[in-house]
Structure formats: structure tokens, C-alpha cells
Amino acid sequence: MKMWIVLLLLSVCSETVICYSDGKVEVACGDMTPQHGHEPITKNPPFNITADKSQFSPGDKIKVTLSMASSSEGKHYFKGFLIEARNAGNLNEIVGSFKLIDPEISQLLTCDSKEGSAVSHTGKSHKTEVQVIWVAPSDSPSSVQFLVTVAQGYKEYWVKSPGPVVSQNGVAPPPQTTFGGSIGAQTTTSSILSRSFTSEGCGSMKSCLRDPEGCDPQNDTACHFLSFRALGSSVMFELSGPAEGYVSFALSQDKWMGKDDVYLCIRDTDRVEIKAAYVSGRTHPVYSSQNILKDTAWRLSDGVIQCSFRRDIILPPENLNRFSLDQMYYLFMAHGRAEDGRTHRHDRQPLISTYQTKITGPPEDLTGSRSPLLMKYHGENSMGLKIFGLELLFLTKTIKSRLFGSLYESIRILHRMLMALTVLLTLVGFVLPFMYRGGWSKRAGIHPYLGCVVMALAVIQPVMALFRPAPDASRRYIFNWMHFGTGTAAQVVAVVTIFLGIHQQALSLPAPWSTGVLAAIVVWFVLADLVLEVHQRGFLPIVLAIYLCGNLGFLTVLLWTISAV
């Protein structure tokens, strides 16, 4: 089962970190730049792009070949590619359409609302040659130039490399638009920080968000730290935290991941790259192609990544998805692994500020939590009230089988009330994570599946009781065993579900003693039930009192633990 969970998480992670390995790169149709967040290579490319004709007429077909150069050094293959045909007099205009020769390694794309106007890869397999057919349109310009983007790896790619120019028969070509090599993201040279950041001035000179609360990055290598302060028409940010690959923060208009302005400090061997990005949902960040960060600096020491930069409060309109810093936002802080400059999903639940703050406002010492409020309620309900309700339900059934006379009717009513309460609490705990996630969670392993089983068993119990036969019926024993079996199964599955749930990232409970507290509750329940089975009727009130006091003590500790996270 653990292997199944690992495979599921790996498949989800691979979808988020391998950018467009399936070749669906319509997002790059315009500038033909991969969303890798690295600067493209500008030296002579190790590949050739050729056409089998130099002239054409409308409707003609031209074979275009992309292949590795015979004299190329290093890697003798490529993984990804994007081929387009543009008007040689206006390289912003896509011309004509393509047909495939080998659909296993190439596919058609719709760029500029023109179906089949570009060709890309279908996977990340190694390729040495790709051939496609370009079909000249009836309204073709006098000359057409083929352009290609080729990727050998995540950080090794050439953008918009110029290919051959073909001209229409009998039409004089206009002057070609000059094209000066690859077009990529602008970068600046970062300096190295001479010393660590400090929490001195937090709340008085600068705003700070820290985890653990009140920590100082200068003295505590486990401190996750974000500070910012206004400097004229810009804001200076400082970000620090222990991480294998990257630390990041985001500006968000709500407490949900998506449509956020993100800034990352990514470790790349012995240096740090500082990038601005945007996330549209629970997806991999899309890096900005504009250079909006100034005075960037970084530091690596004792497993801690630190970086600082300055950003203008108001940016020009062309900087899409960048937030103005004179508004109120929630702050997210996250960290995780990175490989060859590619970021993986964060290792822990992000730290989210308790309330919105104005980035250019007065300095504040901010607080935050890694456990969302809805998930705290889910944990408190599921770990505490649900299992307590199930225990009381089982205890009531045990007492009812031993006490008769005047107490029988009262205990039967109590039994029904506790059953209804258990179903209600289970339903509340079942709904809360769906409200938080907005749907089914793909990263929670088998926990949500077992939760559905518990919910179904909890509903089956009272429904079964409605159709139970009379106490003296000949088949009453069948109902008794089914009722007992369903209740016991619900308790067992609920305990397993809760043990899996306390390790979920969204709950962020302290380990390992939270597991110990829950284990102690289960052991206490089992022992108390055995005592109830062994002791005679006269001891039941004493045993019951000890049992309930023990449960209340354990549950108080557990609920306090969840609330304190």
C-alpha cells in the first residue's frame, strides 16, 4: 500500500515539474520560448533546419527537416522542439499549415487561431531528426522563413533559431525583418550577501513573517524568514529558510493557492537564481520573461538559502500577473526540492499569514499558520469527536446489555442519541476537506478512500437499525451480528483513517508524539472495553467513571495539539 501511495505521488509530481514534456506548448506560440525560467543558449546551435525547395506557389508542399549537425559536440540528440513558418517581412505573422510525416514523435498545434500552424514533440524521447510538410496558403506572403526552438534539456535550449527562407514564384521578396539570435528572459547579475539576515527591526523598521514565531535567521538555521520594507518607489524583500532546493513566497488575494504572484530563490549547484513567477492554480509556476527584480543578492550557508531583491511598487501594464505592492495581500511561504533548476512540490504545507497586510504599510510582526482553519476543524472533528462518539456508542451498547429494569429505557434512548451524534459528526468531518480542496484530493493517498468507507458505514448503522426485527424474532441474532460487525468495522477503519490523516501535509501535526497520543487513546479504549466485559454489574459505575475521565483527558490533549498548530 505504501508503494502505491509513493507511485501516486511521483506521478502527480512528475506532471508538475516536467514542463510541457507532452509537447502541448501553445502557450509558447508567440515568442517560442519554453517556460523553463532559464536563459536560452545563444551560441551556435548544434542542429540544422533545411527545406527541400527554395521557391513555391500557393498550395505547394515543402518538406522541412530538423536534424542534429554532423559536427556537433556534446549531446547528439534533442528532446523537444517547436517549428513555425513566419512571414519573412513580418516575423510576428504565422503563415500556412503543416502536415505530419511521423505522428509518433511530432504533433500539430493551433497557434494564432490557425489549426496546424506549428509542430512540436509528443514526448521527451531522444531524437536526431524530425521531418514535416509545410503547405503554402493561397494568401501567402512573398517570402516565408522557418523558425525553430530546440531543447536538449531543461536548461539547454535554443529559442527562435532562424531557418531557411523560401520565396513565392514570380514575386519579389520584401526586405526581411532582422532577427538577432535567440530571445529569452532578461537577467541581471546577482551579488553575494556578506552576512546573514537578522530579525532586528521586525515590527519597527520592517514587516516580518517567521516560522517558528519570533525566530532569528542570524542565530537559528531552522528559521523560515520573510521581511519587507518600502524604499521610496520600491520595496526591498529578504527571504531565508532551510531547504534542499528552493525557498519562495507569494502574494495572494485569498488563502487558496492559485492566481498568485510568486517569487522564488532556487539553488542551482553553488549559486542561487532569483525569479518572479505566477501560478494560475495548483500547478507549476510560470516564470516571468520580464526583468522586474533589482539589486538581487543571495547567500548559501549550512543548508540555508537566503536571497534579497528590490521590486518597484507599481509596474508597467505589460507586466502581466504582477501585483501592485500598495494593496492588501495574504503572504504564503513555501520551500522544497529542486533538480537542475526545476522546482518540485513544496515539502510542507505553506506558511500562510493570519490576515492580509499592506506591503507598503507600516511595519508589522506578522503571524501565520501552516494548517488551514478548515483542516483544523476536520482534524479536531475526525480525531476527537468522531472517535469519542464511536467509543461512547460502543460503551452504551455494552452497558445496555448488562443493565435492565428502570435504566433500560433511558439507556436505549441515549444509545440512539449517540448514534445520531456519531453520524452527524462523521458527516461534518467528511465534508470539510472537500470544502477546503474544492474537490477530491489527489495527494492524500488512501486516506480519503477510507474516509468514504467510514462515512458509508456510519450511515448504514442507523438505516439498519430502522429495519431491525423484534427482540423475540427468530432471526434477531442475524441483525445483532450485522449491527455489531458494521459498528466494529466502522471503528477499526476510522482508527486506521485517522492514523493516516495525522500525517497529511495540510494538518501539519507535530511528530512523533501526536501519533503516540492517538495510539494511547486507542489502547485505552481497548483496555476499558475488556474491563467492561470482565467485571460484574456492581463495578460498572466505577469503571464507567474512570473510562470517561480518561477519554476526556486524552481528547483534551489531542484537540489542544491540533488547535495549537
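Bear in mind that the values here come from a model prediction, so they are computed numbers and not experimental data. (Residues numbered from 1 in each chain as written. Predicted model: local features only at pLDDT ≥ 70, side-chain atom pairs only at ≥ 80, totals over all residues. Heavy atoms only, no water.)

**Structural notes on the nonpolar core**
So, step 1. Grouped together as the largest cluster of nonpolar side chains are 31 residues, with contacts concentrated most on Phe237, Phe249 and Ile359.
So, step 2. For this core, the secondary-structure elements that each account for two or more residues are strand S14 (224-231), strand S15 (234-242), strand S16 (246-252), strand S17 (260-268), strand S18 (271-279), strand S20 (293-301), strand S21 (304-312) and strand S22 (328-339).
So, step 3. Discounting chain neighbours no more than four positions away, the residues touching Ile359 are Phe228, Val235, Phe237, Leu251, Leu325, Gln327, Tyr329 and Leu331. (Core = buried A, V, L, I, M, F, W, Y, C linked by side-chain atoms within 4.5 Å. Buried < 20%, exposed > 50% of the residue type's maximum accessible area, 1.4 Å probe, protein only. Helix = DSSP H or I, 4+ residues; strand = E, 2+ residues; numbered from the N terminus. Contact = heavy atoms within 4.5 Å.)

**Observations concerning the sheet that holds strand S13 (residues 207-211)**
So, step 1. One open sheet holds the seven strands; their spatial order is S12-S20-S21-S15-S14-S13-S26, and the pairing between them is mixed. Two strands bound the open sheet, and with one partner strand each, they are strand S12 (191-192) and strand S26 (365-366).
So, step 2. The sheet contact formed by S13 and S14 spans five bridges and is antiparallel. Note that in S14 the partner of Cys208 across the bridge is Ser227. (Pairing = 2+ DSSP bridges.)

**Side note on the pairing of strand S9 (residues 129-135)**
So, step 1. Most of S9 sits out of view: five of its seven residues are buried.
So, step 2. Direction of pairing for strand S3 (residues 61-68) relative to S9: antiparallel, over a ladder of seven bridges. What sits directly across from Leu66, in S9, is Val130.
So, step 3. Pairing of strand S6 (residues 97-100) with S9, which is carried by four bridges, proceeds in the antiparallel orientation. When the sheet's bridge partners are listed, Phe98 is paired in S9 with Trp134.

**Describing the state of the cysteines**
So, step 1. As enumerated under the stated definition, the model contains four disulfides in all.
So, step 2. The disulfide that involves Cys29 links it to Cys111, with 1.9 Å between the sulfurs. Residues Cys29 and Cys111 are joined by a disulfide whose S-S torsion is about -55 degrees; by sign, that bridge is left-handed. With a gap of 82 residues between them, Cys29 in the loop between helix H1 (2-17) and strand S1 (47-51) and Cys111 in strand S7 (residues 106-111) connect regions that are remote in the sequence.
So, step 3. On the basis of relative accessible area, Cys29 is assigned to the buried category, the value being 7%.
So, step 4. Across a sulfur-sulfur distance of 1.6 Å, Cys265 and Cys307 are joined as a disulfide pair. (Disulfide = S-S within 2.5 Å.)

**Remarks on the packing of aromatic side chains**
So, step 1. For the coordinates displayed, the defined rule picks out 14 aromatic pairs.
So, step 2. Consider the rings of Phe47 and Trp158, whose centres lie 5.9 Å apart with planes at 85 degrees: the pair is edge-to-face. Placement of Phe47 in strand S1 and of Trp158 in strand S11 (residues 157-168) is noted, with a sequence separation of 111 residues between them. For the residue pair Phe47 and Trp158, the accessibility class agrees, reading buried in each case.
So, step 3. Taken together through their ring pairs, the aromatic side chains of Phe228, Phe237, Phe249, Tyr263 and Phe309 make up a single cluster.
So, step 4. In this arrangement the basic side chain of Lys275 is found over the ring face of Tyr287, its NZ or CZ atom lying 5.6 Å from the centre. (Phe/Tyr/Trp six-rings, centres within 6.5 Å; stacked < 30°, edge-to-face > 60°. Lys NZ or Arg CZ within 6 Å of the ring centre and 35° of its normal.)

**Thoughts on the confidence of the model for the chain**
So, step 1. On average, residues of the chain score 79 in pLDDT, and 75% of them reach the 70 mark or higher.
So, step 2. Note that residues 1-19 has pLDDT below 50 and, in this model, 25 contacts with residues that lie over four places away or in other chains.
So, step 3. Residue range residues 176-187 is modelled with pLDDT below 50. Its contacts to residues more than four positions away, or to other chains, number 29 contacts. (pLDDT = per-residue confidence, 0-100.)

**Thoughts on the sheet that holds S3**
Adjacent strands of a sheet pair through backbone hydrogen bonds, lying either parallel or antiparallel.
So, step 1. In spatial order, the strands read S1-S3-S9-S6; together these four strands make up an open sheet with antiparallel pairing. Single-partner strands in this sheet number two, and they are S1 and S6. On average, each strand axis in the sheet is inclined to that of its neighbour by 25 degrees, with strand direction left out of account.
So, step 2. Across five bridges, S1 lies against S3 in antiparallel orientation. Along S3, the bridge assignment pairs Thr50 with Thr65. (Axes fitted to C-alpha atoms, helices over the stretch in contact; angles between N-to-C directions.)

**Looking at the packing of helix H4 (residues 447-466) against helix H5 (residues 476-501)**
So, step 1. For the pair H4 and H5, the least separation of the axes is 9 Å and the interaxial angle reads 155 degrees. One finds that H4 runs roughly antiparallel with respect to H5. As H4 packs across H5, the resulting crossing turns out to be left-handed.
So, step 2. By residue class, the composition of the contact of H4 with H5 is 15 nonpolar, eight polar and no charged. (Parallel < 35°, antiparallel > 145°, perpendicular 65-115°, else oblique. Left-handed = near helix turned anticlockwise from the far one by under 90°. Nonpolar A, V, L, I, M, F, W, Y, C, P; charged D, E, K, R; others polar.)

**A word on unusual backbone geometry**
So, step 1. Cis geometry marks the peptide bond from Asp211 to Pro212, where omega comes out at 0 degrees.
So, step 2. With respect to the helices and strands, the residue Pro212 is situated in the loop between S13 and S14.
So, step 3. Of note in this structure, Asp112 is not a glycine but carries a positive phi near 55 degrees.
So, step 4. When you line up the elements, Asp112 lands in the loop between S7 and strand S8 (114-121).
So, step 5. Here Lys160, not a glycine, exhibits a phi torsion of approximately 55 degrees, which is positive.

**Considerations on H4**
For the α-helix, the turn length of 3.6 residues means that residues three or four positions removed from each other point alike.
So, step 1. Taking 1.5 Å as the rise per residue, H4 with 20 residues should run 28 Å; its terminal C-alpha atoms sit 30 Å apart, in good agreement.
So, step 2. When we look at burial in H4, the residues that qualify are His447, Pro448, Leu450, Gly451, Val454, Met455, Leu457, Ala458, Gln461, Met464 and Ala465. (Expected span 1.5 Å × (residues − 1).)

**Some remarks on the pattern of salt bridges**
So, step 1. With the rule as written, the count across this model stands at 10 salt bridges.
So, step 2. Here Arg210 makes a salt bridge to Asp365, at a shortest N to O gap of 2.7 Å. Pair noted here: Arg210 is in strand S13 and Asp365 is in strand S26, with a separation of 155 residues, a long-range link.
So, step 3. Looking at Arg210, the relative accessible area reads 10%, which means it is buried. (Salt bridge = Lys/Arg side-chain N within 4 Å of Asp/Glu carboxyl O.)

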